[in-house]
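# What the coordinates show
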Amino acid sequence: MAKTKTGKRDLDSYTIEGTNKVVRAGDCVLLRPSDNGTLSYVARIESVEADVRSNVKARVRWYYRPEESVGGRRQFHGSKELFLSDHYDVQSAHTIEGKCTVHSFKNYTELKNVEPDDYFCRFEYKASTGAFTPDRVAVYCKCEMPYNPDDLMVQCEGCNDWFHPSCMGMTIEEAKKSEHFKCSDCAAVNNAKKSDASLLLSPPGDGKVDSKRRKK
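Definitions and limits used
Residues numbered from 1 in each chain as written. Predicted model: local features only at pLDDT ≥ 70, side-chain atom pairs only at ≥ 80, totals over all residues. Heavy atoms only, no water. Helix = DSSP H or I, 4+ residues; strand = E, 2+ residues; numbered from the N terminus. Buried < 20%, exposed > 50% of the residue type's maximum accessible area, 1.4 Å probe, protein only. Contact = heavy atoms within 4.5 Å. Areas by Shrake-Rupley, 256 points an atom, 1.4 Å probe, with all protein chains shown as cover. Lys, Arg positive; Asp, Glu negative; His and termini not counted. Salt bridge = Lys/Arg side-chain N within 4 Å of Asp/Glu carboxyl O. Polar contact = N/O pair within 3.5 Å; in protein donor to acceptor, adjacent residues only side chain to side chain. Core = buried A, V, L, I, M, F, W, Y, C linked by side-chain atoms within 4.5 Å.

### Brief notes about the overall build of the chain
On a plain count of helices and strands, the chain comes out with three helices and 12 strands. The buried share of the chain, reckoned over its 216 residues, is 36%. In the chain, the proportion of contacts linking residues at least 24 apart, taken out of those at least 6 apart, comes to 54%. Accessible surface, the chain: about 13,300 Å² in total, of which carbon and sulfur atoms supply 48%.

Dropping the structure here:
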């Protein structure tokens, strides 16, 4: 173990009190909040050290929840979404409650089952200015909103864009049962072609609706 400052030692790992779970630099952890009844804080361990009295402390980089950021939670933010901030801190290791996993956005959308300790991050957040990186994100559907992995979306067979069933006048149940889907714009174009006498023939579509959470 390398010495950092007088009387302090860098530790390779720390075992969470009352468990056999070991945390190391790079792991994501849940930390006990100061107020009872609030959600656990989420952070990434940067380093672990002990002082001369064997008090263990962890240097962490905080994840912010959307409601903790400037602008607050928005419609497209997922319930398990976090922002990796530029806010670093030192916390007593005994405040660490457990380990968690913060996935990339792509990996999170590909999970078959989302566990309670699964989160995802697609933005970095500068706490001092409220700026996000990246500062732009792709939008979908008629509502032109970014993708929220909590919400079902269906893909149009015509334009291949993704739509919320509610924006298309459909219920979620109808969307799941539908084998073919065209958005209102593509359906209008298709109907116009059908009404153009006998010069244009529209072959029947052979695609199926992909109603999984994952977008292509």
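### Some thoughts on the side chain of aspartate 118
Along the chain, aspartate 118 falls in strand 9 (residues 118–126). The buried charged residue aspartate 118 lacks any salt bridge, with lysine 80 as its nearest oppositely charged partner at 6.3 Å. Within polar-contact distance, the side chain of aspartate 118 engages the backbone nitrogen of glutamate 115 at 2.8 Å. Apart from the residues within four sequence positions on either side, aspartate 118 is in contact with Lys80, Thr101, His103, Tyr108, Leu111 and Asn113.

### Comments concerning the pattern of salt bridges
All told, the structure shown has eight salt bridges when counted by the stated rule. A salt bridge links lysine 99 to aspartate 27; the shortest N-O distance between them is 3.7 Å. Within this pair, whereas lysine 99 is found in strand 8 (residues 96–104), its partner aspartate 27 is found in the loop between strand 3 (22–23) and strand 4 (28–31), the two being separated by 72 residues in sequence. Residue lysine 99 is classed as partly exposed on the basis of its relative accessible area of 30%. Arginine 122 is the partner of glutamate 81 in a salt bridge, and the nearest nitrogen-oxygen pair spans 2.8 Å. Residue glutamate 81 is located in strand 7 (residues 81–92), and its partner arginine 122 is located in strand 9; the two are separated by 41 residues in the primary sequence. Residues glutamate 81 and arginine 122 agree in their burial class; the two are buried.

### What about the side chain of serine 85?
Looking at the secondary structure, you find serine 85 in strand 7. What makes serine 85 buried here is its relative accessible area of 0%. Within the structure, the side chain of serine 85 is placed 2.7 Å from the backbone oxygen of tryptophan 62, a separation counted as a polar contact. Contacts of serine 85, omitting those with residues within four sequence positions, involve Arg61, Trp62, Tyr64 and Tyr125.

### With respect to the nonpolar core
Side chains of a nonpolar character, in soluble globular proteins, are inclined to be buried together. In this structure, Tyr14, Ile45, Val56 and Ile96 are the most contacted members of the largest nonpolar core, which totals 22 residues. Setting aside residues no more than four positions away along its own chain, tyrosine 14 makes contact with Lys21, Val22, Val23, Val48, Val56, Ala93, His94 and Ile96. Grouped together as the second largest cluster of nonpolar side chains are 18 residues, Phe105, Met153, Trp162 and Met170 included.

Everything listed here is a matter of coordinates, which is why it stays silent on function.
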